Amino acid sequence: MAKAPKKTTKKTTLKTSKKQSIEPGVHAHETAVLVKQILDNVRPTPMIHNGLSNEEKIEKITEKFTEIMEVLGLDLTDDSLGDTPRRVAKMYVNEVFAGLDAKKFPKMTVIENKMNYDQMIVVQSISCLSFCEHHFLPIDGFATVAYIPNQKVIGLSKINRIVQYFARRPQVQERLTKQIADCLQYILGTEHVAVHINAKHYCVVMRGIEDTGSTTSTADLRGHFKSRQETREEFLQQIKTK
Ligand SMILES: [Zn+2]
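Nothing here was measured: the structure is a model prediction, and the numbers come from that model.

This paragraph deals with the packing of helix 6 (residues 156-167) against helix 7 (residues 173-188). The contact between helix 6 and helix 7 brings their axes to 10 Å, and the two run at 135°. As the angle between them shows, helix 6 and helix 7 are arranged oblique. Here helix 6 runs over helix 7; the crossing is right-handed. Between helix 6 and helix 7, the residues in contact are Ile162, Val163, Phe166 and Ala167 and Leu176, Gln179, Ile180, Cys183 and Leu184, respectively. Class assignment for the residues of the contact of helix 6 with helix 7 results in eight nonpolar, one polar and no charged.

A word on the packing of helix 3 (residues 54-71) against helix 5 (residues 84-96). Helices that pack against each other are described as a pair by the angle of their axes relative to one another and the distance between those axes. Here helix 3 crosses helix 5 at 135°, and the two axes come no closer than 8 Å. With respect to helix 5, the element helix 3 is oriented oblique. In this structure, helix 3 meets helix 5 at a crossing whose hand is right-handed. Mapping the contact onto sequence places Asn54, Lys57, Ile58, Ile61, Thr62, Phe65, Thr66 and Met69 in helix 3 and Thr84, Pro85, Arg86, Val88, Ala89, Lys90, Tyr92 and Val93 in helix 5. In terms of residue class, the contact of helix 3 with helix 5 is made up of nine nonpolar, four polar and three charged.

Attention shifts here to the UniProt feature "binding site: Zn(2+)" (unreviewed entry) in the protein. Per the UniProt record, the feature "binding site: Zn(2+)" (unreviewed entry) sits at Cys132, His135 and Cys203. Taking the farthest pair of C-alpha atoms as the criterion, the annotated set spanning 72 residues converges on one region, since that pair is 7.6 Å apart. Apart from the residues within four sequence positions on either side, Cys132 is in contact with Leu137, Ile139, Gln171, His201 and Cys203. Among the secondary structure elements, Cys203 is positioned in helix 8 (residues 202-205). By C-beta crowding, Cys203 is classed as partly exposed, having 16 other C-beta atoms within 10 Å.

Parameters at a glance
- Residues numbered from 1 in each chain as written.
- Predicted model: local features only at pLDDT ≥ 70, side-chain atom pairs only at ≥ 80, totals over all residues.
- Axes fitted to C-alpha atoms, helices over the stretch in contact; angles between N-to-C directions.
- Helix = DSSP H or I, 4+ residues; strand = E, 2+ residues; numbered from the N terminus.
- Parallel < 35°, antiparallel > 145°, perpendicular 65-115°, else oblique.
- Left-handed = near helix turned anticlockwise from the far one by under 90°.
- Contact = placed C-beta atoms within 7 Å.
- Nonpolar A, V, L, I, M, F, W, Y, C, P; charged D, E, K, R; others polar.
- UniProt positions renumbered as here; feature names shortened; annotations may be inferred.
- Buried ≥ 20, exposed ≤ 12 C-beta atoms within 10 Å, placed from the backbone.

Here is the structure:
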C-alpha cells in the first residue's frame, strides 16, 4: 500500500511542520491509508463488507423498499408514492447513513499547538442527528465535546464534522458517544477527551412508552476529565441540555 518513503516523510514532518494534512482527493492513496488508520482506532459499528457500490445499494434498497410499501398495501402507481422507494434509498445511502462509507469521512487537518494552549477547549450544542439502529427512527440531540490539547489542535468545525460523520449511521447513543471520543483521542493524540450527548429518541416518543418529554444523556470522560474532579465539574457545568 503506502510506500515507506511517504510514511517516513509524514512521520518526520509531524512534529515540525505547521500542518498535518489528511485530505481526501488531494493525495487519494495516502488519504485512504490515513482514514483507515483513524477508523481502525474507533470502535466499530457491526458491519459486513458486501462489496456493493453506492449505486448498487441504491438500486437494491429501492427494490426492497418497494416491496415493503406493497406489503403495507400502499398503491405505488399513485403520483405521490411512486418515487418514494428511490427517495428513501438515496437518503439512506447518501445522507442519513453516509457515515457507513469511509470515503465520506471528513477532511481532517491537525495543527501544531504552537501557542502551547493547555486549557480545556469546549464545543457546545453540536447538532447530533442520528438513527436508532433498533427501530430506524431518528435520534435528535446535542453533543458537547471537549479536549485538553497536547501537541495538536484541530479546527473547531472539524469536531462538528466528526460528530456528524458517526451520527450518520444506524446507532445506539452509547456507541456513538464512544466512537466520537475514540476518533478525537486518536486524531489529537491526547487522552484528555470528553463527549456528552443529550438526545430525544423518536422510538421512545412515537411508539412503545410514547413519552414525548424524556431525553437520554450519555458521556465518555477520559484522562483528566475522568480523574480530576475540578476538570470533570468544569466540563459538566458547560453542558446545556435543551
Ligand atoms: Zn429505538
